[in-house]
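A structural walkthrough
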Amino acid sequence: MNWEQWKPFYLRIVREMGYSIEQDRKSAELLRALLLEGDDYITREELEAVIGKKAYVFGAGPSLEDALKRFDFSDGTLIAADGATSALLDAGLLPDVIVTDLDGRISDIKIANDKGSFMVVHAHGDNMDKLVSYVPFLSRILGTCQTEPLDIVYNFGGFTDGDRAVFLAEALGARDIIMVGFDFGDVVGKWSKPGLKDHSPVWESKRKKFAFARELLNWLEKNGRARLRYLHP
Ligand SMILES: Nc1ncnc2c1ncn2[C@@H]1O[C@H](COP(=O)(O)OP(=O)(O)OP(=O)(O)O)[C@@H](O)[C@H]1O
Ligand SMILES: Nc1nc2c(c(=O)[nH]1)N=C(CO)CN2
Ligand SMILES: [Mg+2]
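In this report, the structure presented in the accompanying data block is examined. Small disclaimer: the values here were computed from a predicted structure and weren't measured. Numbers given to residues run from 1 along each chain, matching the order in which its sequence is written. Written order determines the labels here, with chains lettered from A and ligands numbered from 1. The model is predicted, so local features are restricted to residues of pLDDT at least 70 and side-chain atom pairs to those at 80 or more, both for listing and for counting; the totals for chains, interfaces and linings are taken over all residues. The side-chain numbers reported here are obtained from all heavy atoms of the structure, hydrogens and water having been left aside.

A short note on the site of ligand 2
As a reminder, the rule being used: Residues are labelled near a given molecule or strand when at least one of their non-hydrogen atoms is within 4 Å of it. Two N or O atoms count as a polar contact when they lie within 3.5 Å, although within protein this holds only if one can serve as hydrogen donor and the other as acceptor, and sequence-adjacent residues are included solely when both atoms are side-chain atoms. The Shrake-Rupley method, run with a 1.4 Å probe sphere, supplies the accessible areas, and residue values consider only the shown protein chains as cover. Charged means Asp, Glu, Lys or Arg here, nonpolar means Ala, Val, Leu, Ile, Met, Phe, Trp, Tyr, Cys or Pro, and polar covers whatever is left, Gly included.
Lining the immediate environment of ligand 2, one finds Y19, D24, D101, H124, G125, D126, Q146, F159, T160 and K209. With respect to ligand 2, the side chain of K209 contributes an N or O atom lying 3.1 Å from a nitrogen atom. Taking 330 Å² as the accessible area of ligand 2 by itself, protein coverage stands at 91%. Partitioning the shell around ligand 2 into residue classes produces two nonpolar, four polar and four charged.

A few points about the site of ligand 1
Filter applied, for reference: Working definition: helices are DSSP H or I runs of at least four residues, strands are E runs of at least two. Numbering for both runs from the N terminus.
Near ligand 1 lie 24 residues; those nearest to it are T160, D161, S192, K193 and K209. Within the contact set of ligand 1, an oxygen atom lies 2.3 Å away from a side-chain nitrogen or oxygen of K193. Protein burial of ligand 1: of its 600 Å² of free accessible surface, 97% is covered by the chains. Elements that contribute at least two residues to the shell around ligand 1 include exactly α8 (161-171), β8 (187-188) and α9 (204-223). Each residue belonging to the shell around ligand 1 can be placed in one class, and the counts come to eight nonpolar, seven polar and nine charged.

See the structure below:
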């Protein structure tokens, strides 16, 4: 999805979610400066080399734990959406790539990154504090944003960590994408927020996020170059 295709979705998202375009842009500039300062950023081409034709993208829905026990994922690239990283580590799997706005369990993200996971860190108007706190301590980072792309801060489309990870996989060459733990629905998986003790009833802003994520994935199914599948245990 290019900027022109993303723009109308983005304008609806900021309107409905009450986000500030100006703050989103500021965050993208901040991430760019932090990446240049840290000198441990990677380019699209470097991440392309990591993503194979077949990719599993893990969301943080309640079905994730059972799916991790029952299925074998050794024939594809493993891409974890933020909080799903913790469930993969618990299951003895290391994500090849983690797509995050840094509001997941940061200790697990750091462990995975130290063991070799590539990071895709997203800048938005509400995570500038997290970018400042954590980006300097992470390695092999590709930056993304939801406003106009900058030279080393990319925008492949997509909104939540989960659907954004699918858009990234498609843009970087995956042609068979299997989504695991993408339940959306009325229950938020316990890995989604560090504060959650258990799977929890969906709250209003999260319901809106899920609706946009679904709509975007439907768009990609129709307009993208990859086959998209949901793994339902
Ligand atoms: N039932 C579910 N519960 C939690 N995550 C889900 C569910 N179904 C699908 N997902 C996907 O898994 C991803 C997990 O990432 P994470 O929980 O950090 O969300 P996020 O996009 O950062 O949203 P938020 O800003 O609300 O934390 C979500 O972005 C979403 O796309
Ligand atoms: N401004 C802003 N943008 C976002 C936010 C958010 O909370 N605020 N959350 C996202 C992940 O779901 C993606 N984009
Ligand atoms: Mg997140």
